[in-house]
Structure formats: structure tokens, C-alpha cells
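Coordinates in review
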Amino acid sequence: MMSQERAPAAANESRRERSRQIQRMFGRIVGRYDRMNRLISLGMDGGWRRLAADAASPEGMRVLDLGSGTGDMARALVRRGGRVVGADFSPPMLGVAARRYKRDGRYAWACADGHHLPFADGSFERVTNAFLLRNLVDLPAAFREMARVLRPGGRLVCLDMTQPPPGVFAALYRLYFNRIMPVIAGVLSGDRAAYRYLPASLAGFPDAETLSRMLRDAGFRDVSYRRLGGGAVALHRAER
Ligand SMILES: C[S@@+](CC[C@H](N)C(=O)[O-])C[C@H]1O[C@@H](n2cnc3c(N)ncnc32)[C@H](O)[C@@H]1O
């Protein structure tokens, strides 16, 4: 039987291994990532990011966009006047973003894990993330890190998929997202495992209410959210 000290160590190691697998997966799909996003979201993902960028009110603010991927969210924030550090733990994803949006006064790029951010307390006035949360293996720890790097009075905006409220749309959505999309996206991308991972990452993910509670537990206040995409996407906003 495992000793009491070894059980948490084993759980941590298993989380680290899961995180490494996720990191490798994003490195693999980078070349097709943007095209597959448009396809999977039926062309709606850009509009959702723009709404998230509006909710962040980034004008004149130092913004950390966590899990920045190929830089779509950072671009929406810069277009609204933000000075953005895009941080991601996947070097291939960061490489695409940094080639597209050269480091200048508006864009900077950093290789960083959301669970251990290499930034001082209170470094940013805004923290944003789009479609990152489902990939985090320790959500409470990551929320605490987001709170730590935000200065008091700063704002967090999170955009991610969520389970839609029960009803006809939810049933149709589940059919699309769990059955049809993984097959089509798997064939078109040539990476079936990556697009089986997508519905799996939502299956164990907290619902929008639970996420709000977790944000409060991490030290955020005035937590609110709205649903987009027929209820299949949640946009959370919280103040530090
Ligand atoms: C689904 S993509 C979203 C990318 C981008 N935000 C967008 O809207 O297209 C998730 C991104 O989060 C990154 N990511 C996942 N887990 C992470 C972690 N623990 N720390 C930092 N980045 C992470 C992945 O490498 C990937 O680029």
C-alpha cells in the first residue's frame, strides 16, 4: 500500500505527465490549429474572442494573455489598445505567434506554464485566457497564480467551452461535439487523438457556476459570466 507521503507525490507526478502530454499534443497540431478552430466552431470563435477582448477593456493596460496559442486573442487585445504579453507552454505555438506578431511595444511573448508563472506579484492590470482552462491539470492552483500576477483592482477574463443547459440544443450539441466533430476534425487534421481529446477535456470540466465558485475561492470578487454560442461557451469576468 502507498504511504501517505507518497500518495500526493504520485498524484502530482501523474498531473505533470498529463500536462506534458497536452503540451506535446499542441506542439503536434500547431500547423492546422487555426483552420481547425474555424471548422469546429463553425466560424464563430473569432467573434467570441472579440467579445472576451471587449470584456477585458484592455486600452492602455498591461495584459497577460495566458495560453496564447497562435496569438488570436492577443491580436484582439492589441487592437483594443492593450500592451500584451502572450504566454504559452508550447514553444511551437509561441513560435507561430511570435512570427506573426513581432515583439514591439504592443506584443511580447513568454514561454511559461500557467501553474507557475514567471512574473512578479501584481505585474498586470488584466489577465485573459481563451480556450485554456480545460487544459489545466490543477485549476485552483492556476487561478491562484492568475490572481497573484494581477494587481489589486485588476480584471480577469476567461473564455472557454462549457456544458450547455439541458434541452434540445444541448442534445444536438452533444451529438455534434462528442460524435461528429471528432471524426471530421480527426480526418481533416490527420490527428484523431487530438480531436478525441477535445470532447474528453470538456467531460470532466467544471460547469460555469462551479468555475465562478472556484474563482471566488482563489480570491476574485464580482465574478459573473455570460453564455455564448447557444450556451456552449462561457465568458467569465472577475475582479481582483
Ligand atoms: C486551445 S489552445 C487556445 C489558444 C488561444 N488562446 C486561442 O484562443 O486560440 C490552448 C493553448 O493553451 C496552451 N496551454 C495548455 N496548458 C497550458 C499550461 N499549463 N500553461 C501554459 N499554456 C498552456 C496550449 O499550448 C495551447 O496553445
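For the structure itself, look to the data block above.
Structure report, in brief. Along each chain, residue indices are assigned from 1 in the same order as the chain's sequence is written. Residue-level local features of this predicted model are given only where pLDDT is at least 70; pairs of side-chain atoms are given and counted only at 80 or more, and the full residue set underlies all totals for whole chains, interfaces and linings. Excluded from the side-chain calculation are hydrogens and water; included are all heavy atoms of the structure.

**Here's the deal with a nonpolar patch on the surface**
By definition, no residue in a patch forms a salt bridge, and every one has over 30% relative accessible area; like charges are joined within 9 Å, nonpolar side chains (Val, Leu, Ile, Met, Phe, Trp, Tyr) within 5 Å. Surface accessibility in these figures is a Shrake-Rupley result with a 1.4 Å probe; residues are shielded only by whichever protein chains are displayed. Only one rule defines a salt bridge in this text: a Lys or Arg side-chain nitrogen within 4 Å of an Asp or Glu carboxyl oxygen. A grouping of Leu-39, Leu-175, Ile-180, Val-183, Ile-184, Val-187 and Leu-188 is seen on the molecular surface, where their side chains present a nonpolar patch of about 610 Å² in accessible area. Only DSSP runs of H or I reaching four residues or more are called helices, and only runs of E reaching two or more are called strands; each is numbered from the N terminus. In terms of residues, the nonpolar patch owes the most to one element, helix H7 (residues 168-189), which gives six residues.

**Looking at the packing of helix H6 (residues 139-149) against helix H9 (residues 208-217)**
The axes used here are C-alpha line fits, helices contributing only the stretch in contact, and every angle between their N-to-C directions lies in the interval 0 to 180 degrees. Interhelical geometry of H6 versus H9 gives an angle of 55° and a closest axis separation of 9 Å. Between H6 and H9, the crossing angle belongs to the class labelled oblique. The chirality of how H6 crosses H9 is right-handed. Across the interface between the two elements, Leu-139, Pro-140 and Phe-143 of H6 pack against Leu-211, Met-214 and Leu-215 of H9. The classification used treats Ala, Val, Leu, Ile, Met, Phe, Trp, Tyr, Cys and Pro as nonpolar, Asp, Glu, Lys and Arg as charged, and all other residues, Gly among them, as polar. Taken together, the residues of the contact of H6 with H9 sort by class into six nonpolar, no polar and no charged. Reported orientations rely on four angle classes, namely roughly parallel under 35 degrees, roughly antiparallel over 145, roughly perpendicular from 65 to 115, and oblique for the rest. Here a crossing is called left-handed whenever its near helix is offset anticlockwise from the far helix by less than a right angle, and right-handed whenever the offset is clockwise. Two residues form a contact once any of their heavy atoms are found within 4.5 Å.

**Concerning helix H8 (residues 192-203)**
Here the expected span of a helix is defined as 1.5 Å times the quantity of residues minus one. The first and last C-alpha atoms of H8 sit 17 Å apart over 12 residues, in line with the 16 Å expected at 1.5 Å per residue. The classification of residues rests on relative accessible area computed with a 1.4 Å probe and restricted to protein chains. Under 20% of the type maximum is buried, over 50% is exposed, and intermediate values are partly exposed. For H8, the set of buried residues is Ala-194, Tyr-195, Tyr-197, Leu-198, Pro-199, Ser-201 and Leu-202.

**Considering the site of the ligand**
Neighbouring the ligand are 20 residues; Tyr-33, Arg-49, Gly-67, Asp-88 and Gly-114 lie closest to it. Gly-67 has a polar backbone atom sitting 2.7 Å from a nitrogen atom of the ligand. Protein contacts shield 98% of the accessible area of the ligand, which totals 590 Å² for the unbound molecule. Counted by class, the shell around the ligand contains nine nonpolar, eight polar and three charged residues. Residue proximity to a molecule or strand is established when one non-hydrogen atom of the residue lies within 4 Å of it. Any N or O atom pair separated by 3.5 Å or less is treated as a polar contact, with the protein-specific requirement of one donor-capable and one acceptor-capable atom, and with residues adjacent in sequence counted only for side-chain atom pairs.

**Points about the sheet that holds strand E4 (residues 124-130)**
Across the sheet, which stays open at both edges, the seven strands sit in the order E3-E2-E1-E4-E5-E7-E6 with mixed pairing between neighbours. In this open sheet, the two edge strands, each paired with only one partner strand, are strand E3 (107-111) and strand E6 (221-228). Put simply, the sheet's adjacent strands are angled 15° from each other on average, direction ignored. Strand pairing is assigned whenever DSSP identifies at least 2 bridges connecting the two strands. Relative to E3, strand E2 (residues 83-88) runs parallel, the two sharing five bridges. Bridging across to E3, Val-85 finds its partner in Ala-108.

**Regarding the packing of H7 against H8**
One way to put it is that H7 packs onto H8 with a least axis distance of 7 Å and a crossing angle of 160°. Of the possible angle classes, the one that applies to H7 and H8 is roughly antiparallel. In this structure, the crossing between H7 and H8 has a hand that is right-handed. Contacts from Tyr-173, Phe-177, Asn-178, Met-181, Pro-182, Ala-185, Gly-186, Val-187 and Ser-189 of H7 reach H8 at Arg-192, Tyr-195, Leu-198, Pro-199 and Leu-202. Each residue belonging to the contact of H7 with H8 can be placed in one class, and the counts come to 10 nonpolar, three polar and one charged.

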